[in-house]
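# Residue-level structure breakdown
Here is what each chain is made of, one letter per residue.
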Amino acid sequence: FPSHDNANSYIFELSAHERLVTFSTSKANGEKLTYLVQFDLLNGSFVLLDEFGNELSLDSEEQDWLMKTASEAFVRLKKRSLSAEFDDISLKGKTGTFDIGQPTMKGTQFNHDYTNFTIKGAGAFMGVVDYKGSIFHLGISIGRGHTHTSSTPGFPTSPVVPTS
């Protein structure tokens, strides 16, 4: 028989006293990298790790799934909450719906590129808005010169009458 040691072996361990089931691999025989898979039956958890620090884990009691890269990007699904952190996101689909009660978006720049879009509801723009194109209110262009029929300030604004 060839000699065996932990450095060149795949190890599958069933530990009833520690309540762990563990499988780990080696790179001693030309494998590209090492992995560790462990079920912690005492604490109700599961983890898959590679030698770079990439991780997939589950804490069953907490209903907590975590997928994390070695560069610290992550996606976490915990009960009914989803959180993620990464440098870049790309979503593509034929249709989609975002139904979020009170969304908050933060950033240094916000770009949209649509052929058509509709915004329903009331709101306000705060800060500087540089708008290029046409804006219509009740079929009347308010992006060109116009006057208000009264000087009453406030919301809702007074009716708009085109000047040209």
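First, a word on what this report is: a plain description of the structure on this page. (Residues numbered from 1 in each chain as written. Predicted model: local features only at pLDDT ≥ 70, side-chain atom pairs only at ≥ 80, totals over all residues. Heavy atoms only, no water.)

### A few points about the overall build of the chain
If you tally the helices and strands in the chain, you get 0 helices and 12 strands. The N-to-C order of helical and strand elements in the chain reads β-β-β-β-β-β-β-β-β-β-β-β. Expressed as a percentage of its 164 residues, the buried residues of the chain come to 13%. Surface accessibility of the chain: about 14,800 Å² in total, with carbon and sulfur atoms responsible for 56%. (Helix = DSSP H or I, 4+ residues; strand = E, 2+ residues; numbered from the N terminus. Buried < 20%, exposed > 50% of the residue type's maximum accessible area, 1.4 Å probe, protein only. Areas by Shrake-Rupley, 256 points an atom, 1.4 Å probe, with all protein chains shown as cover.)

### Concerning a negative patch on the surface
Residues Glu72, Glu85, Asp87 and Asp88 make up a contiguous surface patch of negative charge. Relative to the assigned elements, Glu72 resides in the loop between strand S6 (64-68) and strand S7 (74-78). The exposure class of Glu72 is exposed, given its relative accessible area of 52%. (Patch = residues over 30% accessible without salt bridge, like charges linked within 9 Å, V, L, I, M, F, W, Y side chains within 5 Å. Salt bridge = Lys/Arg side-chain N within 4 Å of Asp/Glu carboxyl O. Lys, Arg positive; Asp, Glu negative; His and termini not counted. Charge placed at Lys NZ, Arg CZ, Asp CG, Glu CD.)

### A few points about the environment of Asn43
Looking at the element boundaries, Asn43 is found in the loop between strand S3 (35-40) and strand S4 (45-50). Sequence-wise, Asn43 and Leu20 are 23 residues apart; in three dimensions their C-alpha atoms are separated by 9.6 Å. Side chain to side chain, Asn43 and Asp40 meet in a polar contact 2.9 Å long. (Polar contact = N/O pair within 3.5 Å; in protein donor to acceptor, adjacent residues only side chain to side chain.)

### Observations regarding the pairing of S6
Where strand S5 (residues 55-59) and S6 come together, 5 bridges link them in antiparallel fashion. Directly across from Leu56, in S6, lies its bridge partner Met67. Where S5 hands over to S6, the hairpin turn is made up of 4 residues, of which Gln63 adopts a positive phi near 50 degrees. As paired elements, S6 and S7 share 5 bridges and run antiparallel to each other. Bridge assignment links Lys68 to a residue of S7, and that residue is Phe74. Between S6 and S7, which follow one another and run antiparallel, lie 5 residues, and Glu72 among them has a positive phi close to 75 degrees. (Pairing = 2+ DSSP bridges.)

### A closer look at unusual backbone geometry
One non-glycine residue with positive phi stands out, namely Arg19, at about 60 degrees. By secondary structure assignment, the location of Arg19 is in the loop between strand S1 (11-15) and strand S2 (20-24). For Arg19, a relative accessible area of 41% puts it in the partly exposed group. Positive phi, normally seen in glycine, also occurs at Glu72, with a value near 75 degrees.

### Some remarks on the sheet that holds S3
The strand order across the open sheet formed by 8 strands is S1-S2-S3-S4-S5-S6-S7-S8, and the pairing between neighbours is antiparallel. What marks the edges here is a single partner per strand, and that holds for S1 and strand S8 (81-85). Direction aside, the axes of adjacent strands within the sheet are offset by 5 degrees on average. (Axes fitted to C-alpha atoms, helices over the stretch in contact; angles between N-to-C directions.)

### Remarks on the pattern of salt bridges
All told, the structure shown has 3 salt bridges when counted by the stated rule. Ionic pairing is found between Glu55 and Lys68, a salt bridge with its closest N-O pair at 3.9 Å. Residue Glu55 is found in strand S5, and its partner Lys68 is found in strand S6; the two are separated by 13 residues along the sequence. A salt bridge links Arg76 to Asp64; the shortest N-O distance between them is 2.8 Å. In this pair, Arg76 is assigned in strand S7 and Asp64 in strand S6, connecting sequence segments 12 residues apart. Classification of Arg76 as partly exposed rests on a relative accessible area of 29%.

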